[in-house]
Amino acid sequence: YCLAGLVGIYVLLVPLVQEWWLLQTPASTDSSLEMDRLTLSENVRLRLFECVAACSFFTVGACVGSFLNVVIYRVPLGISVLVQPSHCPGCSEKILGADNLPVVGWLKLNGVCRRCDTEISSRYPVVELTIGSVFLVLYFVELISGGANLAGRLPNIYTGVTWIVFYTKWD
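So, how was this worked out
Residues numbered from 1 in each chain as written. Predicted model: local features only at pLDDT ≥ 70, side-chain atom pairs only at ≥ 80, totals over all residues. Heavy atoms only, no water. Helix = DSSP H or I, 4+ residues; strand = E, 2+ residues; numbered from the N terminus. Expected span 1.5 Å × (residues − 1). Bend = angle between axes of the 7 residues up to and from the residue. Buried < 20%, exposed > 50% of the residue type's maximum accessible area, 1.4 Å probe, protein only. Contact = heavy atoms within 4.5 Å. Phe/Tyr/Trp six-rings, centres within 6.5 Å; stacked < 30°, edge-to-face > 60°. Lys NZ or Arg CZ within 6 Å of the ring centre and 35° of its normal. Patch = residues over 30% accessible without salt bridge, like charges linked within 9 Å, V, L, I, M, F, W, Y side chains within 5 Å. Areas by Shrake-Rupley, 256 points an atom, 1.4 Å probe, with all protein chains shown as cover. Salt bridge = Lys/Arg side-chain N within 4 Å of Asp/Glu carboxyl O.

Draft legend 1. Helix α1 (residues 2-24), seen in detail. Here α1 is 23 residues long and its end C-alpha atoms lie 31 Å apart, about the 33 Å a rise of 1.5 Å per residue gives. The sharpest bend along α1 measures roughly 35° and falls at I9. Listed in full, the buried residues belonging to α1 are V11, P15 and E19. The secondary structure elements touched by the buried residues of α1 are α3 (40-77).

Right, here's the structure in full:
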């Protein structure tokens, strides 16, 4: 609920406050900036797309973390990473696809095997959350910043992956 509340604030409340603020301040004398100003609906859609993109980046990162968990467990034991499907380390029961979702599957099973109640290490969701968070941080730092972290370059006002995808106005 907290995450949904934060997304709601970012997608709805922030554009409403920005729109109110623009209506309260005197009009700018620079007419070129007026053309670039987003309407309220465009601002809401832009922020919603940024949230969807952020969730997508986190999900991809969590999936990469899940694969890294497989590599971390199997390579030292000499087990193939590609051939054998995910299974319980205790009873070798194949893990169902619905239970094999990063973080969610471990939480749904309460950290134990569905069949034999063997405890599944909490390392699995920790690695998945960590790698997903790294992907999310990289999304914000690299794609949303518009090049603000690049040395010797002033970022333009068109920042973020949404501008690259929907509004092709970059320099």
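Right, picking up where we left off after that structure.
Draft legend 2. Quick peek at the packing of aromatic side chains. Scanning the model with the defined rule gives three aromatic pairs in all. Aromatic pair W20 and W21: ring centres 6.4 Å apart, planes at 55°, arrangement tilted. Three or more aromatic residues link up through ring pairs in this structure, and these residues are F57, Y139 and F140. Note that R47 overlies the ring of Y10, its terminal NZ or CZ placed 4.7 Å from the centroid. Note that R123 overlies the ring of Y124, its terminal NZ or CZ placed 4.6 Å from the centroid.

Draft legend 3. A look at the environment of D117. Mapped onto the secondary structure, D117 falls in the loop between α4 (104-108) and α5 (123-144). Residues D117 and C88 lie 29 residues apart in sequence; the distance between their C-alpha atoms is 9.7 Å.

Draft legend 4. Examining a nonpolar patch on the surface more closely. Taken together, the side chains of V60, V64, F67, L68, I72, L82 and V83 present a nonpolar region at the surface, about 660 Å² in accessible area. Within the secondary structure, L82 sits in the loop between α3 and α4. Among the residues examined, L82 registers a relative accessible area of 75% and is labelled exposed.

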